[in-house]
Structure formats: C-alpha cells, structure tokens
Amino acid sequence: MLTKERQEQLVEVLQGLIQRRSYSGEEGKVVEFIKETALALGYDTVHVDKYGNVICSVKGKYEGPKVMMDGHIDTVPVDEEKWTKKPFAGEVIDGKLYGRGTSDMKGADCAMLLAGAYLAQDLNKEFAGEIFFSGVVHEECFEGVAAREISNYVKPDYVIIGEASQLNLKIGQRGRGEIVVETFGKPAHSANPEKGINAVYKMMNIIGEIQKLPMTHHETLGYGILELTDIKSSPYPGASVVPDYCRATYDRRLLVGETLESVIAPIQKLLDEMMAKDETLKAKVSYAVGKEKCWTGNDIIGERFFPGWVYEEKEEYIQKAAEALRAIGQNPEITHYNFCTNGSHYAGEAGIKTIGYGPSRENLAHTIDEYIELDQLYKAAEGYYAILKAYLAK
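As a starting point, this report considers the structure included with it. (Residues numbered from 1 in each chain as written. Predicted model: local features only at pLDDT ≥ 70, side-chain atom pairs only at ≥ 80, totals over all residues. Heavy atoms only, no water.)

**Section: the overall build of the protein**
Thought 1: Each helix and strand counted, the protein has 9 helices and 21 strands in total.
Thought 2: In terms of overall dimensions, the protein is globule-like: its C-alpha atoms have a radius of gyration of 24 Å, near the 21 Å expected for 394 residues.
Thought 3: Structurally, the protein occupies a C-alpha span of about 80 × 45 × 35 Å along its principal axes.
Thought 4: The buried share of the protein, taken over its 394 residues, is 54%. (Helix = DSSP H or I, 4+ residues; strand = E, 2+ residues; numbered from the N terminus. Rg over C-alpha atoms; globule rule 2.2 N^0.38 Å. Buried < 20%, exposed > 50% of the residue type's maximum accessible area, 1.4 Å probe, protein only.)

Below, the structure is given as structure tokens:
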C-alpha cells in the first residue's frame, strides 16, 4: 500500500501541517490546508462547522457504516527559546520529523487523512460505507466539547481516535473533571486579623479533609484521582489585608459510570458537615466552566466534565481492528489511554463504538523538541488503511 511516493507525500503533508502554527483558537490556516489537501486527494466533501472543525468525507459505492477517524489539530504553545530545533519548520533529522504537534497529534492527522484517501483510490470506491476524517479544534482546552458538533453532523457508527498509542489499540480511558472549591471570608487589616475571617485558613482546613475522602475504583481503569492543582486568594497581592476569598482547583480523573452528580456529591457532603460545625465557614463546590474564542469568531463554552469510557476487548469491532493490524505485521497490545481524549464524547457521552490507535509515544506530547519517528508515521498510515478496509469491506 505505502509506496515510496506515498511515504514522501506523508512527509510533505505533515510538514505542511507543522509549518502552519495552530494554537487553540488559531487553527484556521491548518483547516484551509487540510481542505485543499483532502479535495486534491479525492475526498468528496469538506465541511467546516461553526467552531471551525474540518470534516472530510469520501463515500463508497455501496451502503455501509460510517467510520470516522478523529484527531485534534490544535496544539499547546511553544517557548521557542528553549527549543534546539525549529518548532514550526518540520525538519527531518535522522529519521525523525521535528515540530510542535508532530506527536500530539498532527502526525496522526496526516496519516489518517491520507490513509482514507489511499484506500478510496486503491478500491476505486468499491467499498461499503463512508470514510470520514475530522480535524478537531480546541481539544487541548475541552476534550470532547467541539466533538459534539462533529458527531451531530456525521453520526458515525465507529470512531478511531488517533492519539498517540505507539501503534497499540486503546479501548478506554479515564475521564476528566475540573472541580472548583471556593471559600468566602471577611476582609480586615492584617494588623487586626481577629476582625476578619481568613478565607485561606478556611480553605486549608477543607483541603486537609478532602485528602481523606475515599476514591472510586474500576477493575480496568484503576482508581479515580482527585488532585489539587491550583489555589488562588483575593485580594492579590494582599499586602496588609486578610483575604476574604480563596479558590482551589482540583483535577478529578473519572471512571466509567461516574456522573456530574455522583462525583461532586462527596465534596458537597463534606462541606455541608464542616459548615454545620463552623458557623464562620462559607464554602461552595462546582465544576469549572470554560469559554474560548474559536478561529471562526464563535465562542465555545463547556462545563469541564468529560466522562470515562471502556469497551470489552472481546467486542467484534475491536477484534476486527486487531486482526487487521496483525495481518499487516503489527502486533498491537490492547489496553487503555492514561489521559483524556475526544473519546470522552464519542464513547463516554454518545455511546459510539470507539477505539484508539495512533503513532508515537504519549510522553512526547507537549515536550521541548517534540518529534515523530517517520517509521511510526508510515506504520500508522498502513494501520489506519487496514482498519478502514476491515470495517468497510464489501
């Protein structure tokens, strides 16, 4: 399948993606590049939605399932002074292509986009169903929020998440929630602290009690996590002032079946008990709500709660993908992601049959001198091709 010419095209397209910087909210140039590339490769349609997601499709000659390959096209920012390579050049050095987003996850985007086109070309569209590639915006800010718009448009039967997996199959992940605890005190001059109520001291007590809360467990995904990641007080700077407000943020890694209500309930119960014992304590718990500007000019808004998901390894569609990869000489381990992906929406919210499969290593994401090995890029394209062929065989 992957001729020398196609290998060179994979490198050229990935370089084009890397050379177009696409921080979250700035993905417009990459979207235009994907649109032009997809149409030149033979995709039938390209749709750009209100958030700026780009969705490419090519339809087979026969009725069949809709298979969507999903990859985000936004990246985290770069501190260029710390890089020894050029972050937006796409240089190839010793079998590695360097640049921001190579592993997370423009390498996978490139492999998916081209694999879908190559299969349609090679089969002359003699397949049953429809191939989709979705380039998703703002995933680094909201895992699964922009994806809601995509699944409403496509209504896929199967989703392939392209996040890094070293060519292994992923059949689940913990989800993620961002929980905010707030305390409200009374301001006073710090020379007379007894006249105020220090919101930070109140928060310190709460943090200590939250650490004692038992954590949920799942036989496949392990334990849930509730980790303090940020704390702020007001006024800041607080020279000579007793702070009357404090906000603590927790990262809550979620397990399958946990809901908005069930996750926050133990913290709310704890706060209620503490406030009943201390009439000067006023505290509140909620989920963080994010609001970001899209490159289209529209706002994307979402409560930061992204569910976990997991499927049984014996599922037919999972085994079909594994067998397809083995048939081309790959030997994928079937496991789950350690981080959150757009699967939180597709599988966790929408219940769509989902797998993860992508090139490169998870620990290269967001790093200085990020790169992807060309061998991983080529093998990923072959893997997507094989999986698509297995799902869409006439």
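Once you've had a look at it, read on.
**Details of the pairing of strand 7 (residues 158–161)**
Thought 1: Both strand 3 (residues 62–72) and strand 7 contribute to a ladder of 4 bridges, which runs parallel. Looking at strand 7, one finds that M68 is bridged to V159.
Thought 2: By the bridge criterion, 4 bridges tie strand 7 to strand 20 (residues 353–356) in an arrangement that is parallel. The residue of strand 20 that forms the bridge with I161 is G356. (Pairing = 2+ DSSP bridges.)

**Brief notes about the packing of aromatic side chains**
Thought 1: Applying the stated criterion to the full structure yields 10 aromatic pairs.
Thought 2: With a centroid separation of 5.6 Å and an interplanar angle of 50 degrees, the aromatic rings of F184 and Y245 are classed as tilted. Residue F184 is located in strand 9 (residues 175–184), and its partner Y245 is located in strand 13 (residues 245–254); the two are separated by 61 residues in the primary sequence.
Thought 3: The interplanar angle of 45 degrees and the centroid separation of 5.0 Å between the aromatic rings of Y337 and F339 together place this pair among those described as tilted.
Thought 4: Taking relative accessible area as the criterion, Y337 reaches 1% and is therefore assigned buried. (Phe/Tyr/Trp six-rings, centres within 6.5 Å; stacked < 30°, edge-to-face > 60°.)

**Section: the nonpolar core**
Thought 1: With 86 residues, the main nonpolar core has I34, Y43, C56, L113, I160, I355 and Y384 as its most contacted residues.
Thought 2: Residues contacting Y384, with those up to four places away along its chain left out, are M69, A108, A111, M112, A115, I160, G162, Y357, G358 and P359.
Thought 3: Core analysis: the second largest hydrophobic core is formed by 23 residues, I179, A199, V263 and L281 among them. (Core = buried A, V, L, I, M, F, W, Y, C linked by side-chain atoms within 4.5 Å. Contact = heavy atoms within 4.5 Å.)

**What to know about the environment of K66**
Thought 1: By the secondary structure assignment, K66 is in strand 3.
Thought 2: Distance in space between the C-alpha atoms of K66 and A128 is 9.1 Å, their sequence separation being 62 residues.
Thought 3: Setting aside its immediate chain neighbours within four residues, K66 contacts E130, F132, V154, K155, P156, D157 and Y158.

**Things to note about the layout of surface pockets**
Thought 1: The volume enclosed by the largest pocket comes to roughly 240 Å³.
Thought 2: Along the lines of polarity and charge, the residues of the lining of the largest pocket split into 4 nonpolar, 2 polar and 9 charged.
Thought 3: In this model, the second largest pocket occupies a volume close to 160 Å³.
Thought 4: Considering the residues around the second largest pocket, the lining is formed by I171, H218, E219, T220, V310, Y311, E312, E313, I334, T335 and H336.
Thought 5: Among the elements that make up the lining of the second largest pocket, the one with the highest residue count is strand 19 (residues 334–337) (3 residues).
Thought 6: Taken together, the residues that form the lining of the second largest pocket break down as 4 nonpolar, 4 polar and 3 charged. (1 Å grid on protein atoms, 1.4 Å probe; cavity = no way out; pocket = protein on both sides within 12 Å on 5 of 7 lines; lining within 4 Å. Points joined across faces, edges and corners; volume = space filled by probe spheres on them. Nonpolar A, V, L, I, M, F, W, Y, C, P; charged D, E, K, R; others polar.)

Bear in mind that shape data such as this cannot, by itself, settle questions of function.
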